[in-house]
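Each chain, written out:
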Amino acid sequence: MQLIVNPGLLDERVVDLPEGTTTIGRTQESSLCVLHMSLSRRHALLVREAERVLLTDLDSKNGTLVDEVRLEKFTPRELKAGESFRCGEVRFTLVSPVASEPLAPTQVQPLNTRFSPAAMDELLERVPESSSGSALRVKRASHENRANEKLQVLLKVSQLLSSPGQIETLLERILDLVFQIMEVDRVAILLVDPSTGALRPRVARVSTGEAPEGAFYSQRIVDYVRTHSVAALFSDAWMDPRLNDAASVVLQSIRASMCAPLKPRDEVLGVLYVDNLSRADGFSQEDLEFLTAFANQAAIALDNSLLAQKLAEEAVMRNAYARFFPPATLKKLSMARGGPLETIETEVTVLFSDISGFTKLSSELEPRQVVDLLNDYFPVMAEIVFRHEGTLEKYIGDALMAVWGAPFAHPDDATRAVRAAVEMQRALAGLNARWRERGWPELSIHVGLNTGRVAAGNIGSEQYLQYATIGDATNVASRVCSVAVEGQVVMSQATFERWLERDWNVTPLPPTPVKGKQEPLTLYRVEWNVPPPEWS
């Protein structure tokens, strides 16, 4: 059996549906990960037994629909081959592959055609024709055919520069091609530094293959080309009056030089510079025209490589942040187009949730049973945090810590946190019902809330990001959680004062001493399972 994801769309793909269970969701925790904001982290479950397939919605936010009818959560529904279903906005079709007849095309065509460029060595002479006055090593041809020969070389250049790779590798490849195609003594590529806006040398080489000592190019020449966005040839730099005060021309013994901008679109990314040390009039108008066309090809390849690098970095950052932030926050971060989040000082409401009696329970279960239980429990709790637009900061053993107010604040952050805490208690009742059917032990949790100022930002290395809030407010939230007993939600005075929409009654607790605080805390217990008087 197979599953077609997004049938008929550009990103359609086919995946095999193995025997046993397959989970569908938007994170790597799921067997079938589909990165779409309409999916929950754990959205749906497929169970295959031979040709029989059962589909179950895992209490997803946007639902699982068959024939546009929403399934009841945790209620399996049998699927037949050919049937389609929808998780959020993502469509799936279940298919049973059948053996197909072998294709018999009318004609076949090898990938190499008469339009394919030959190998670079076949297009070039070892030494340029001296009588032509050109530095190009393009093979000798009639005037009519020479343009075609140069076009073939440029086509091959485009092909050789199209392979994806690191920026430095691409720059070295560009240098190799310049030396292979043109009779030059030195080549340099300078790129614009995004932080300063100045041209900075990235790679340079002499014809012997060695790296030059210091900057050999004329700064006036490269600045002129960048500023005017034109390619320029200086046939005898020693005698050019415009370069009389260019010390590099004299010190570096530059006789002839050419420079072309690397400009794939409106913005100049850098310049490509070549020179000749021994021969005045070493370059011709034909050489300048070719170098310009070559630089255009190099600029496109460079732009594509920079874009690919940027997209890769953003994907890594997005995947890292997906562990912490809800979709709305991720959207704001992507619109900001920033790098790693800066550290800020802000007020947050911190939620600590802990499983009651977990140490004793762990001693009675096998380690694998404990892991299975937590893997069933945490995604439901995390989804609640995200539904109320909180930041899931971390799991600590069997505990969960979430914050509201960082990286982006809402005026009702405390209200969101209280509602999430109550929803966690209610969701646990549904989980316990499911676990009873499986013969698993039931759980109870206690939740603590506190509000205060913290420092929030990334902590760790570039390879491992951890978004965290540091401050006394988080420590107090943990202490408040330890005061609560199973089934309770307890909040501090600071959270109580910022709780705008008090959907439930509270019971003040006696002044409570906690570790690390000289004065006892004023705490309130949320009577979440008792309707307020006006509800009665």
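Because the structure is a prediction, the values reported are computed rather than measured.

Peer 1: I'd like to hear about the side chain of Thr56, residue by residue, with values.
Peer 2: Take Thr56: it is sitting in strand β6 (residues 52-57). Residues within four places of Thr56 in sequence aside, it is in contact with Ala44, Leu45, Phe74, Thr75 and Pro76.

Peer 1: Can you lay out the pairing of strand β5 (residues 44-49) for me, pointing to particular residues and giving the numbers?
Peer 2: Here five bridges tie strand β3 (residues 20-25) to β5, and the two strands are oriented antiparallel to one another. Paired with Thr21 across the strands is Val47, a residue of β5. Relative to β6, β5 runs antiparallel, the two sharing six bridges. Following the sheet pairing, Glu49 is matched in β6 by Arg52. Linking β5 to β6, which pair antiparallel, is a turn of two residues; within it Ala50 sits at a positive phi near 60°.

Peer 1: Outline the environment of Arg479, listing residues and values.
Peer 2: Looking at the element boundaries, Arg479 is found in helix α11 (residues 472-483). Overall, the relative accessible area of 31% leaves Arg479 in the partly exposed class. The residues contacting Arg479, other than those within four sequence positions of it, are Val514 and Lys515.

Peer 1: Which residues make up the side chain of Asp398, and what are the values?
Peer 2: Topologically, Asp398 is positioned in the loop between β18 (391-396) and β19 (399-404). Although buried, Asp398 forms no salt bridge, and the nearest oppositely charged side chain, Arg479, lies 14 Å from it. At a separation of 3.2 Å, a polar atom in the side chain of Asp398 contacts the main-chain amide nitrogen of Ile355. Asp398 has contacts with Ser353, Asp354, Ile355, Phe358, Leu374, Tyr377 and Phe378, leaving out every residue within four places of it along the chain.

Criteria and cut-off values
- Residues numbered from 1 in each chain as written.
- Predicted model: local features only at pLDDT ≥ 70, side-chain atom pairs only at ≥ 80, totals over all residues.
- Heavy atoms only, no water.
- Helix = DSSP H or I, 4+ residues; strand = E, 2+ residues; numbered from the N terminus.
- Contact = heavy atoms within 4.5 Å.
- Pairing = 2+ DSSP bridges.
- Buried < 20%, exposed > 50% of the residue type's maximum accessible area, 1.4 Å probe, protein only.
- Lys, Arg positive; Asp, Glu negative; His and termini not counted.
- Salt bridge = Lys/Arg side-chain N within 4 Å of Asp/Glu carboxyl O.
- Polar contact = N/O pair within 3.5 Å; in protein donor to acceptor, adjacent residues only side chain to side chain.

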